[in-house]
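Structure assessment
Spelled out from the first residue to the last, the chains are:
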Amino acid sequence: MRRSLLARFLLARLGWAIPVILAILIVNFLIIHIVPGDPIQALIGDFPAPPGYADQIRHEFGLDQPVLTQLGLYLLNLAKGQLGFSFANRQPVLGLILQRAQFTLILMLPALALAASLGIVMALAAAPRAGSLYDSGLTALSLVGFSLPIFWLGQLLVIMFAIKLHLLPAQGMFSLRTRLTGWPYVLDVLWHLILPMFAVTIYYVAIVARVARASVLDALSQDFVLTAKAKGLSRRRVLWRHVLPNALIPVVTVIGYNFGYSLTGAILVETVFAWPGLGNLFITSIGNRDYPVLQGIFLLTAIAVVIANVATDLVYASLDPRVRSTGLRHA
Amino acid sequence: MSPTKPPILQIEDVRLTFRTREGAIRALNGASLTIHEGEAVGLVGESGSGKSTLARAVLGLNPERSSRIEAGRILMAGRDVTWLSQGEWEGERGHPVAMVFQDPLSFLNPIMRIGRQIAESIERHTPQRRVAERVGELLELVKLPSSLARAYPHELSGGMRQRALLAVALACEPRLLVADEPTTALDVTTQAEILALLRDLRERLGMAMLLITHDLGIVASACERLYVIYAGRVLEWGRTQNVFAAPAHPYTVGLFHAARADRDAKGRFATIGGEPPDLGEPAQGCPFAPRCPKAMTECVRSMPDATVLDQGESHAVRCWLYPQPGDAASASGRVVGG
């Protein structure tokens with residue numbers, strides 16, 4: 001019974017996501033046409049081109065056609081899985097951004113997972129002792145972690161661990177001088193991952209710990225906690241089986257929200273550590289006025305946000321039976 | 001029940017203070033109460049009288065950091081539990097004393113199936129039993145279909161939730177059930193059903209009960225003895241029939257007038273005038289004195305000892321209107337009668 005309810009819930013949420021994605025596609029297409037700057041000029045550069053050359057290229061790329069026709073072509077190509085060709089990278093956009101997105105995920109997924117579990121455990125330890133030294137310390141630390149500019153922290157980490165101590169690589173995702181394969185390659189990537197992941201984790205731990213502390217504190221004061229204690233359960237069991245599941249929803253919201261944005265949210269970290277992810281590609285593509293790439297990144301990010309939202313809703317529904325039933329009624 | 005049975009719960013002159021931002025609050029100011037095995041006892045008082053605090057003190061459920069028992073003793077089946085730490089309480093709760101609470105929706109975990117919430121009690125207290133089977137038995141015991149084990153609290157009605165909460169408590173196999181306003185959140189018909197169920201369960205399981213309520217009618221139908229509590233002090237106690245026949249303390253008298261919807265000379269509903277007392281500054285004397293129609297100078301000065309009103313020693317009151325033990329000679333002038 002529960003499974004089918006959950007499946008229906010998922011379908012309802014997906015049905016709502018499809019028009020959103022369509023709207024995103026259209027806005028995404030139009031926005032690039034409103035932005036000032038001429039891609040053809042950027043492509044030709046300062047090189048003195050013969051008259052008519054620009055027009056010829058413009059015609060070749062179909063940029064002289066009416067906007068609506070261009071939109072139609074754009075959607076048609078999207079349906080075929082073609083997001084265009086990156087002028088600057090000499091490579092189809094889809095393959096390019098998917099590869100870069102992978103690199104970003106290699107950085108963000110472990111960082112978010114680590115931050116989520118650390119933040120929750122810290123909050124579970126702090127909230128039952130609200131007002132204690134440990135609790136105040138955690139609150140202060142998370143305020144600091146939350147307020148530290150991530151690019152500054154990143155550079156400090158590089159100075160400390162890479163330049164002074166020579167413990168970890170300062171930049172990049174792989175060692176450039178060697179061609180590694182198999183396990184040595186994986187270890188090499190992990191080696192490069194430590195510093196940027198640490199920088200991202202500090203920021204998200206601070207966010208998750210703050211939210212989780214507040215919601216654990218709230219759940220602790222709920223009446224059912226008294227029932228759980230009155231039946232003789234241990235404090236530990238009350239905390240993990242009754243308080244935590246009830247406190248998770250706001251935490252899941254924060255994690256889901258940040259996951260959606262994390263694809264491009266890592267721009268600063270990727271720039272500081274020269275991590276070849278989507279954020280990095282985004283910055284260079286702006287410099288190059290590489291419109292197809294930018295459009296592709298917008299699209300991917302928007303879809304990622306929508307999917308993250310659907311996934312968040314789904315986690316709500318699996319956590320809270322009340323969401324399963326009322327969520328369906330409103331969907 | 002005959003009072004010769006051994007006591008399952010003895011509360012002796014307990015003083016309990018809450019620390020708040022505005023200062024200390026004396027929630028219990030020398031409260032005493034005894035419940036014998038198998039006996040049903042009512043604890044009657046208005047909001048803020050300390051009755052829920054007393055109930056929670058029995059299981060060490062008052063907030064650890066802000067509340068403190070300053071004096072007195074709590075004996076659970078003869079064992080002193082007054083000074084248990086929170087860690088030590090973990091081993092004591094549920095058996096021999098279990099508890100059900102007022103609002104059955106907020107006191108059930110909203111995201112855990114009813115069956116699981118009952119099963120947790122079983123696993124904790126009688127792990128040797130087959131859990132799923134026992135959950136079904138308990139649901140049947142509180143007259144719920146065993147299929148409800150898979151339901152969530154929000155899918156049940158108020159009365160069903162209260163039964164489920166009762167099943168959670170009964171799974172601990174308690175010898176004393178503390179029920180804190182178990183019917184207050186329910187409508188009148190459902191109230192009657194739950195009370196009938198409680199009576200039935202007590203008979204079948206031979207379990208004692210402490211029923212906390214502000215409703216004298218519920219006490220009359222469910223309890224053999226009753227205690228009247230006001231501002232953290234027990235003012236009067238006795239067999240239900242005796243107290244109902246001749247309430248002694250002016251506060252108890254006022255409660256009865258209000259409960260019967262009596263009218264005064266001008267035809268208005270009888271109420272007890274004045275405000276409930278400020279527990280931040282506990283009175284030297286009787287806490288009811290400022291509202292009492294029969295207050296005298298002694299009342300403000302000090303709290304009288306208990307006066308036993310009948311031979312069977314089952315009805316007693318703490319009020320200056322009655323002769324103090326040991327001053328029978330001077331008593332005649334003060335006995336006015338309630």
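Residues numbered from 1 in each chain as written. Chains lettered and ligands numbered in written order. Predicted model: local features only at pLDDT ≥ 70, side-chain atom pairs only at ≥ 80, totals over all residues.

A short note on the packing of helix 5 (residues 93-126) of chain A against helix 12 (residues 278-288) of chain A
Residue and element names in this part refer to chain A. The cut-off we apply is this: For every element, the axis is a line fit to its C-alpha atoms; helices are fit only across the contacting stretch, and the angle between N-to-C directions ranges from 0 to 180 degrees. The way it works is that DSSP assigns letters per residue, a run of H or I at least four long becomes a helix, a run of E at least two long becomes a strand, and they are numbered from the N terminus. Roughly parallel here means an angle under 35 degrees, roughly antiparallel means over 145, roughly perpendicular means 65 to 115, and every remaining angle is called oblique. In this description, a residue-residue contact is defined by the distance between C-beta atoms placed from the backbone, which must lie within 7 Å. Note on residue classes: Ala, Val, Leu, Ile, Met, Phe, Trp, Tyr, Cys and Pro are nonpolar, Asp, Glu, Lys and Arg are charged, and everything else, Gly too, is polar.
Where helix 5 contacts helix 12, the two axes come as close as 7 Å, and the packing angle between them is 130°. Here helix 12 runs oblique to helix 5, going by the angle between their axes. When helix 5 is examined against helix 12, the residues Ile97, Arg100, Ala101 and Thr104 are found in contact with a partner set consisting of Leu278, Gly279 and Leu281. Residues of the contact of helix 5 with helix 12, tallied by class, amount to four nonpolar, two polar and one charged.

Remarks on the environment of B:Ala270
All names here are of chain B. Tracing the sequence through the fold places Ala270 in the loop between helix 9 (250-259) and helix 10 (297-301). Considering only alpha carbons, one finds Ala270 and Gly159, 111 residues apart in sequence, at a separation of 32 Å. Residue contacts for Ala270: discarding those within four places in its chain leaves His257, Ala258, Asp262, Arg263 and Asp264.

Focus on the interface of chain A and chain B
Facing the 20 residues of chain A at the interface are 26 residues of chain B. Among the elements of the structure, helix 9 (223-230), helix 10 (235-265) and helix 14 (321-330) of chain A are those that each provide at least two residues to the side of chain A that touches chain B. Per element, the largest residue contribution to the side of chain A that touches chain B is seven residues, and it comes from helix 9 of chain A. Broken down by class, the residue content of the side of chain A that touches chain B amounts to eight nonpolar, six polar and six charged.

Details of the sheet that holds strand 11 (residues 307-308) of chain B
Residues and elements named next belong to chain B. Applicable threshold: Criterion used throughout: strands pair if DSSP finds at least two bridges between them.
With respect to topology, eight strands assemble into an open sheet ordered 6-7-8-3-9-10-12-11, the strand pairing being mixed. Only two strands of the sheet have a single partner each, and these edge strands are strand 6 (97-100) and strand 11. Relative to strand 10 (residues 233-239), strand 9 (residues 225-230) runs antiparallel, the two sharing six bridges. Within strand 10, the position partnered with Leu226 by the bridge is Gly238.

Considerations on the packing of helix 7 (residues 150-164) of chain A against helix 8 (residues 182-220) of chain A
Residue and element names in this part refer to chain A. Which entries qualify depends on this criterion: Handedness of a crossing is defined here by the sense of rotation of the near helix relative to the far one, left-handed for an anticlockwise turn of less than a right angle and right-handed for a clockwise turn.
At a closest axis distance of 10 Å, the pairing of helix 7 and helix 8 adopts a crossing angle of 140°. On the basis of their axis angle, the class for helix 7 and helix 8 is oblique. Once helix 7 is placed against helix 8, the crossing between them reads as right-handed. Two secondary-structure elements touch here, helix 7 through Ile150, Leu153, Gly154, Leu157, Val158 and Phe161 and helix 8 through Leu195, Phe198, Ala199, Ile202 and Tyr203. Grouping the constituent residues of the contact of helix 7 with helix 8 by class yields 10 nonpolar, one polar and no charged.

What to know about the pairing of strand 7 (residues 176-180) of chain B
Regular strands show a simple pattern: their side chains alternate between the two faces of the sheet. Residue and element names in this part refer to chain B. Convention followed: Backbone-placed C-beta atoms define the burial measure: a residue is buried with 20 or more other C-beta atoms within 10 Å of its own, exposed with 12 or fewer, and partly exposed in between. A right-handed crossover is one whose linking path, passing over the helix from the first strand to the second, runs clockwise when the strands point away from the viewer.
The buried count for strand 7 comes to five of five residues, which makes it a mostly enclosed element. Because side chains alternate across strand 7, one face comprises the buried residues Leu176, Val178 and Asp180, and the other comprises Leu177 and Ala179, equally buried. Relative to strand 8 (residues 208-213), strand 7 is paired through five bridges, and the arrangement is parallel. Considered in strand 8, the bridge of Val178 is made with Leu210. Handedness of the crossover joining strand 7 and strand 8 through helix 6 (residues 188-205) is recorded here as right-handed.

Here we look at the domain arrangement of chain B
Residues and elements named next belong to chain B. The condition is simple: Bear in mind that the domain bounds are from an automatic or database domain assignment.
What the domain assignment reports for chain B is domain 1 (36-223) and domain 2 (244-331). Computed over C-alpha atoms only, the centres of domain 1 and domain 2 are separated by 31 Å. Each side of the interface is counted separately: domain 1 has five residues, and domain 2 has five residues.

A closer look at the sheet that holds strand 4 (residues 67-76) of chain B
Residues and elements named next belong to chain B. Here we have four strands laid out as an open sheet, ordered 2-1-4-5, and antiparallel in their pairing. Strands at the two margins of the open sheet, each flanked by one partner only, are strand 2 (23-36) and strand 5 (79-80). Running over the sheet, helix 1 (residues 51-58) touches strand 1 (7-20), strand 2 and strand 4 and is turned about 115° from strand 1.

Some remarks on the nonpolar core
Put simply, the rule is: Core membership is restricted to buried Ala, Val, Leu, Ile, Met, Phe, Trp, Tyr and Cys residues, and these are joined into a nonpolar core through C-beta atoms within 7 Å.
Counting 147 residues, the largest nonpolar core has A:Val200, A:Val208, B:Ala167, B:Ala169, B:Leu176, B:Leu210 and B:Val228 as its most contacted members. With 16 residues, helix 8 of chain A is the largest single contributor of residues to this core. Here A:Val200 is in contact with A:Leu107, A:Met108, A:Ala111, A:Ala266 and A:Val269, once residues within four sequence places are set aside. The next biggest cluster of nonpolar side chains, apart from the first, holds 14 residues, and it includes A:Leu83, A:Ala101, A:Leu263 and A:Leu278.

Things to note about the confidence of the model for chain A
To keep it simple, the criterion reads: A score from 0 to 100, pLDDT tells how confident the predictor is in each residue.
Counting all residues, the mean pLDDT for chain A is 85, and 96% of those residues have values of 70 or more. Here helix 14 of chain A stands out as the element of chain A with the lowest mean pLDDT, 69, in contrast to helix 9 of chain A, whose mean of 94 is the highest.

Topic: the pairing of strand 1 of chain B
Residues and elements named next belong to chain B. Across 11 bridges, the pairing between strand 1 and strand 2 is antiparallel. By the bridge assignment for strand 2, Thr20 is matched with Gly23. Note: strand 1 against strand 4, eight bridges, orientation antiparallel. Bridging across to strand 4, Leu9 finds its partner in Met76.

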